Amino acid sequence: SLTNGGRLIASTSGQGNAGSVNIHATHTVSLDGVASNGNASSVLSAVGAPQAVGNAGSINITTGSLFVTNGAALITTTRGRGNGGNVNIRATDTVSFDGFGSNGFPSLVTSGVEAGAIGNGGDINIIARVLSFTNSGGPAARTLGQGKGGNITLTANTLQALNGGQVTTTSFTSGKAGNISVNVADSITLAGSDSTYAQRLATFGRTTVRSGGPASGLYANTSENSTGAGGELQINAGRLIVQDGAQVNVSNRGTGSAGNLTIAADSLRLNNSGSLRAESRAGSQGNITLNVRDIQMRGGSNITTNATGLSEGGNITID
């Protein structure tokens, strides 16, 4: 248990790789909250410092359940010359990321290539019975340096992203955003949005709050000033429910190409402005491919490929 700004860190700041963090807990691993000064979140991390010439370490957790709440985080990142490490989480029951801290940071597991770094981001791999991302919490992989962002792979029986809960991969520069792969045997439910997003964005800025916006969902995207390509997004599920303004989104807001969205499911339910979207402002547009036995759309929901500027519009294929 790490609370109130508690920190467990493996790092490198010279010529050599960072060590890894390996945790085996029979019952529970818990990270919660921010220090009393309001700055430092409770963090478990493996990092490469700006002056490092070496790879960041990995984080490996095997447990019954993992709870990350109130702005705490699992972080692997590279800030120097070297690749970021992977995050591997295996839980027999629940993995939950919920809420945000007084410093504006959401509860995250994140892999990053930071500004000035030269290297690729590590991957995030989570296996659990139940995955829960709520109140702006969830996995995120991003690149702000010279290298591609890490991929996110999620495997579970059920997954929910509610009230602004998100899974995001983002490129802010020339590197390609990571891919997202979601494999859920039973149901995925994406619903609602984060009512605090606008206020926190104005106070803390976009890189602190999240890049996907307030709506719950799955996002493989890039920022407005990026030149890299967006990531691919692939979903395999029994049921996919997208409702109350939630999104599944592949987009490129910069000058590269958007990734493709591919969904294989027994049933797809879109309701109350739920949407599947592929958007691009330049380059080629992402395609949407649905291999779904039963599709129902209600209440202003939509499936959209949208190209602006010099982009080429993507295809929508439904089988």
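Each remark here, short or long, concerns the structure printed above.
Residues numbered from 1 in each chain as written. Predicted model: local features only at pLDDT ≥ 70, side-chain atom pairs only at ≥ 80, totals over all residues. Heavy atoms only, no water.

*Asks:* Any chance you could explain the overall build of the protein chain here in plain terms?
*Replies:* Each helix and strand counted, the protein chain has two helices and 23 strands in total. Since a compact globule built from 319 residues should have a radius of gyration of about 20 Å, the 18 Å found for the protein chain is in line with a globular shape. Across its three principal directions, the C-alpha atoms of the protein chain cover 50 × 40 × 35 Å. A total of 319 residues make up the protein chain; the buried ones form 55% of that total. The contacts of the protein chain with a sequence gap of at least 6 include a subset with a gap of at least 24, amounting to 82%. Entry remark: accessible area of the protein chain is about 12200 Å², with carbon and sulfur atoms responsible for 44%. Taken as two groups, the 18 positive and 15 negative side-chain charges of the protein chain have centres that lie 5 Å from each other. (Helix = DSSP H or I, 4+ residues; strand = E, 2+ residues; numbered from the N terminus. Rg over C-alpha atoms; globule rule 2.2 N^0.38 Å. Buried < 20%, exposed > 50% of the residue type's maximum accessible area, 1.4 Å probe, protein only. Contact = heavy atoms within 4.5 Å. Areas by Shrake-Rupley, 256 points an atom, 1.4 Å probe, with all protein chains shown as cover. Lys, Arg positive; Asp, Glu negative; His and termini not counted. Charge placed at Lys NZ, Arg CZ, Asp CG, Glu CD.)

*Asks:* Whenever I open this one, the pattern of salt bridges confuses me. Can you help?
*Replies:* It is possible for side chains of opposite charge to pair when their charged atoms get near one another. For the structure shown, the criterion picks out six salt bridges. Among the ionic pairs, Asp93 bridges to Arg129, the shortest N-O distance being 2.6 Å. Taken together, the residues Asp93 in the loop between strand S7 (87-91) and strand S8 (94-98) and Arg129 in the loop between strand S10 (124-127) and strand S11 (130-134) connect sequence positions 36 residues apart. Arg142 is the salt-bridge partner of Glu114, the closest N and O atoms lying 3.2 Å from each other. Within this pair, whereas Glu114 is found in the loop between strand S9 (108-113) and S10, its partner Arg142 is found in strand S12 (residues 138-143), the two being separated by 28 residues in sequence. (Salt bridge = Lys/Arg side-chain N within 4 Å of Asp/Glu carboxyl O.)

*Asks:* I keep staring at unusual backbone geometry and nothing clicks. Help me out?
*Replies:* Here Asp244, not a glycine, exhibits a phi torsion of approximately 55 degrees, which is positive. With respect to the helices and strands, the residue Asp244 is situated in the loop between strand S17 (233-243) and strand S18 (247-252). The residue Ser273 is not glycine, and still its phi comes out positive at about 70 degrees. By secondary structure assignment, the location of Ser273 is in the loop between strand S19 (261-271) and strand S20 (275-280). In this structure Ser273 comes out as partly exposed when scored by relative accessible area, which is 38%.

*Asks:* Looking at this structure, I do not really get the sheet that holds S20. What am I missing?
*Replies:* By way of backbone hydrogen bonds, the strands of a sheet pair with one another, either parallel or antiparallel. Reading across the sheet, the ten strands line up as S2-S4-S6-S9-S12-S14-S16-S18-S20-S22 and stay open at both edges, with parallel pairing between neighbours. With one partner strand each, in any of the chains shown, strand S2 (7-12) and strand S22 (302-307) form the two edges of the open sheet. Shown here is a sheet whose adjacent strand axes are inclined to one another by a mean of 5 degrees, direction ignored. With six bridges joining them, strand S4 (residues 43-48) and strand S6 (residues 73-78) adopt parallel strand pairing. When the sheet's bridge partners are listed, Ala46 is paired in S6 with Thr76. (Pairing = 2+ DSSP bridges. Axes fitted to C-alpha atoms, helices over the stretch in contact; angles between N-to-C directions.)

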